[in-house]
Amino acid sequence: MAPSVEHQSNPLLESVGVIGSGAAGLITAHTLLQDGFTSVEVLTRDKSVGGVWSQERVYSSMQTNSVHGEFRFSTMPMREPKGAAKTGGRLMGTDVHDYLDEFAQKFLKGKIRFGTEILKIRRGDQRQGWDVLVWDAEVGAERTLHYARIVLCTGGSSNPRYPKFLSLADAQAAGFSGPVLHTMHFSSQIDGLLEAVKPMDSDGDADAPIIVVGGGKSAQDAATYFANEGRPVTLVFETAGAVVASKFLVPAFIRKSRLMSVMGAHMELRTRLERFMHTTWLGGAFVRWFWKSSQQFALDALSIPKDSPLRRCHSIFWDTRASDEGIPRAGYFHALVNEGKIKLVAPARAVRFGEDGRSVVLGDGRVLPAAAVVLGTGYQSTWKPIFDDETMADLGLGRHPPDSKNAYHWDYTSLANPPAASPKDSWASSVHRGLVPTKSLFNRDFALNGAVLSPHHTYVSEVSAHWISAYFRHDELRLPRSEEDAREMAERHAAWVRQRYPYAFQWWNESNTTYIAYFSWPQFTDDLLQDMGLRSGRSGGNWLTWPFKAIDLAEIATLKEERDAKRQLTTS
């Protein structure tokens, strides 16, 4: 049994269970081991590492939002992908999987339990440690594992969300004759889909198409795959996701610098430039022009016709659902749409399966023939299935209505005229820094990684892993003075998100948005570094050049050594 927090002698000798083998889970386990924790184990239900990028989920046309140099950890470089000169180093899903697999083989061999599905996580006897009930695929039975500490790295993209009346059960009840699946299961069921739908003939004629529901990246990737396989495919969506694209390689001083974070706004404006951009009339006008022009530039770069429903897309400034297409290329989504190989039905909402068993009915009454249906309709929380209500309440992981006592508001000129959001979709979660539930902050036996929404997942996850390790080790760490103070910080952040990203709580679930650090991810990691008493703003530069200095993973490669040195000073 794990001793109570008050009587811990050496946390390094106590067990840690890391739940999930995605990027966040792998870097968390590696950091804990490097930091001296002697009993660290990663649990995953998959047969390979990667989470979203596991071998079971990636496929040939699955493109990431990252380019070479962005998705990696500081301890291991990534090989340059094929055709990098033409694509700007665009990474495919297979590139990311191969990198994470190599990382696990190099640093975590023998530390990962594959085929281990988490059924329930509960407090141990006398509230000591954690009991984890799992289904062990190797032995075909349930078993209970015990850990003194848990790091939950399940992310928010492994529990599919099915729209009402479009679930697998609804398809069966309606007698739908073709395959129906969520994009999460796309890779594993590709062969069956291709068998069910005949290719178009030489004249472009075909039987009923595959209907893909959704306007986001996963739906577009699925449609792209089918079109390249010669299958008829129709994409049905209400509003397309925002898109980033350019006809030329975007230089590092724009793409990889702090410029986007300066232009994106943060709840704390710490520099003169940020204050000018977001609190003056001229600065606010420039920020709004910048983002509107960037979106228009991307749509034009992709040669999207003026009357295309793809131009009816979410705002790249106000939303967090953006697809980075990079340099336009033949054989990818927008090019295939322009060639007529992917048909669009939008704005439209698929509401149910047709009574004939071979169609989908839209909200306006139209009926679309369908040989198969693929749902790119997002995800539900990964936490609810693995925690009972009592444990959720005990941890403080559940969502709750926004705090009405404190009317937080930011008078930024850049945030003038925001889009309207439905109040019924507003909620908050009380998680400090997106890493530890405020209710459990002083227990030091539970943490989260990978639940902070950010476009630079590996940088954020690696700094977060060091913060978590320092937290578990009882290192000197800047924390709120009380649970109440921590909760107030979390409520303030939730209020900021509701103002800055009005749609966020309508779309995302709490297991991937404990903290939204979208354009402001550099400021977020600065906060974590400062919590640990380490140097922030590591990309450097002077008063003029700092917004344009490229951020690189190499700048956090010495965090362990820096923390070791600080610990020695503290204890000497």
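Residues numbered from 1 in each chain as written. Predicted model: local features only at pLDDT ≥ 70, side-chain atom pairs only at ≥ 80, totals over all residues. Heavy atoms only, no water.

## Concerning the sheet that holds strand β15 (residues 343–345)
The line we're drawing: When DSSP finds at least two bridges between two strands, those strands are taken to pair. Secondary structure is summarised from DSSP: a helix means a run of H or I of at least four residues, a strand means a run of E of at least two, and numbering begins at the N terminus for each. Only the stretch in contact is used when a helix axis is fitted, and all axes are lines through C-alpha atoms; the angle between N-to-C directions ranges over 0 to 180 degrees.
Reading across the sheet, the 5 strands line up as β10-β19-β11-β12-β15 and stay open at both edges, with parallel pairing between neighbours. One side of each edge strand has no neighbouring strand; the edge strands of this open sheet are β10 (180–182) and β15. The mean inter-strand angle of the sheet, taken between neighbouring strand axes irrespective of direction, is 20°. As paired elements, strand β11 (residues 210–213) and strand β19 (residues 372–375) share 4 bridges and run parallel to each other. Of the residues in β19, the one forming a bridge with Ile210 is Ala372.

## Focus: the packing of aromatic side chains
For clarity, the cut-off: Two aromatic rings from Phe, Tyr or Trp, using only the six-membered ring of Trp, form a pair when their centres are within 6.5 Å; if the ring planes differ by under 30 degrees the pair is stacked, by over 60 it is edge-to-face, and anything between is tilted. Using a 1.4 Å probe on the protein chains alone, a residue whose accessible area is under 20% of its type maximum counts as buried, one over 50% counts as exposed, and one in between counts as partly exposed. Note on geometry: a ring has a charge over it if NZ (lysine) or CZ (arginine) is within 6 Å of the ring centre and within 35 degrees of the ring normal.
A complete count under the given rule lists 26 aromatic pairs for this structure. Summarising the aromatic geometry, the rings of Phe176 and Phe353 are spaced 5.1 Å apart at their centres and angled 45° between planes, so their arrangement reads as tilted. Here Phe176 is found in the loop between α4 (168–174) and β10, whereas its partner Phe353 is found in strand β16 (residues 350–353), with 177 residues between them in sequence. Comparing Phe176 with Phe353, the two get one shared label, buried. When the centroid spacing of 5.5 Å and the interplanar angle of 20° are considered together, the rings of Trp467 and Tyr471 count as stacked. Placement of both Trp467 and Tyr471 in helix α13 (residues 457–473) is noted, with a separation of 4 residues, approximately one turn of the helix. Residue classification places Tyr471 among the buried positions, given a relative accessible area of 0%. Members of the aromatic cluster, joined through ring pairs, are Phe290, Trp291, Phe317, Trp318, Tyr501, Tyr518 and Phe519. Note that Arg149 overlies the ring of Phe472, its terminal NZ or CZ placed 5.7 Å from the centroid. Over the face of the ring belonging to Phe317 we find Arg500, whose NZ or CZ atom lies 3.8 Å from the ring centre.

## Side note on the environment of Val49
As a reminder, the rule being used: In what follows, residue pairs with any heavy atoms lying within 4.5 Å of each other are defined as contacts.
With respect to the helices, strands and loops of the structure, Val49 is situated in the loop between β2 (39–43) and β3 (63–67). Along the primary structure Val49 and Glu102 are separated by 53 residues, whereas in three dimensions their C-alpha atoms are 9.6 Å apart. Among all residues touching Val49, those that are not within four sequence positions of it are Ser21, Leu26, Ser54, Gln55, His97, Leu100, Asp101, Ala104, Ile112 and Phe114.

## A few points about a nonpolar patch on the surface
The test is simple: What goes into a patch is any residue over 30% in relative accessible area without a salt bridge, connected to like charges within 9 Å or, for nonpolar side chains (Val, Leu, Ile, Met, Phe, Trp, Tyr), within 5 Å. Note that accessible areas follow from Shrake-Rupley with a 1.4 Å probe, and for residues the cover is restricted to the protein chains shown. What counts as a salt bridge is simple: a side-chain nitrogen of Lys or Arg found within 4 Å of a carboxyl oxygen of Asp or Glu.
Residues Leu273, Phe276, Trp281 and Leu282 make up a contiguous nonpolar surface patch of about 450 Å² in total accessible area. At the level of secondary structure, the elements contributing two or more residues to the nonpolar patch comprise α9 (272–279) and α10 (281–301). With respect to the helices, strands and loops of the structure, Trp281 is situated in helix α10.

## Examining the packing of helix α1 (residues 23–34) against helix α3 (residues 93–107)
Formally: Every angle not falling under 35 degrees, over 145, or within 65 to 115 is termed oblique; those three ranges are roughly parallel, roughly antiparallel and roughly perpendicular. Should the near helix be turned counterclockwise from the far one by less than a right angle, the crossing is left-handed, whereas a clockwise turn marks it as right-handed. Residues are grouped as follows: nonpolar covers Ala, Val, Leu, Ile, Met, Phe, Trp, Tyr, Cys and Pro; charged covers Asp, Glu, Lys and Arg; every other residue, Gly included, is treated as polar.
Their axes nearest at 11 Å, the elements α1 and α3 cross at an angle of 20°. With respect to α3, the element α1 is oriented roughly parallel. Judged by the sense of rotation from one axis to the other, the crossing of α1 with α3 is left-handed. Across the interface between the two elements, Ala23, Leu26, Ile27, His30 and Leu33 from α1 touch Leu100, Phe103, Ala104 and Phe107 from α3. Its residues assigned to classes, the contact of α1 with α3 shows 8 nonpolar, 1 polar and no charged.

## Here we look at α13
Residues lying three or four places apart along an α-helix face the same way, a consequence of the helix completing one turn every 3.6 residues. So the rule is basically this: Multiply 1.5 Å by the residue count of a helix minus one, and that product is the helix's expected span.
Between its first and last C-alpha, α13 extends 24 Å over 17 residues, near the 24 Å set by a 1.5 Å rise per residue. The buried fraction of α13 amounts to 16 of the 17 residues, a majority that puts the element mostly inside the structure. In the segment just after α13, His474 is the residue with positive phi, at about 65°.

## Brief notes about unusual backbone geometry
Across the chain, the bulk of peptide bonds are trans and the bulk of non-glycine residues have phi less than zero. The amide bond that connects Ala346 to the next residue, Pro347, takes the cis arrangement and shows omega of -10°. Non-glycine residue Asn417 carries a positive phi angle of around 55°. Its location among the elements puts Asn417 in the loop between β20 (399–400) and β21 (428–429). Residue classification places Asn417 among the exposed residues on the basis of a relative accessible area of 70%.

## Structural notes on the packing of α13 against helix α16 (residues 521–531)
Close contact between α13 and α16 brings their axes to 10 Å; oriented N to C, the two are set at 15°. As far as their axial angle goes, α16 and α13 are roughly parallel. Relative to α16, the crossing made by α13 is left-handed. Touching Tyr459, Val460, Val463, Ser464 and Trp467 of α13 are Trp521, Phe524, Thr525, Leu528, Leu529 and Asp531, all from α16. Of the residues assigned to the contact of α13 with α16, the class counts are 8 nonpolar, 2 polar and 1 charged.

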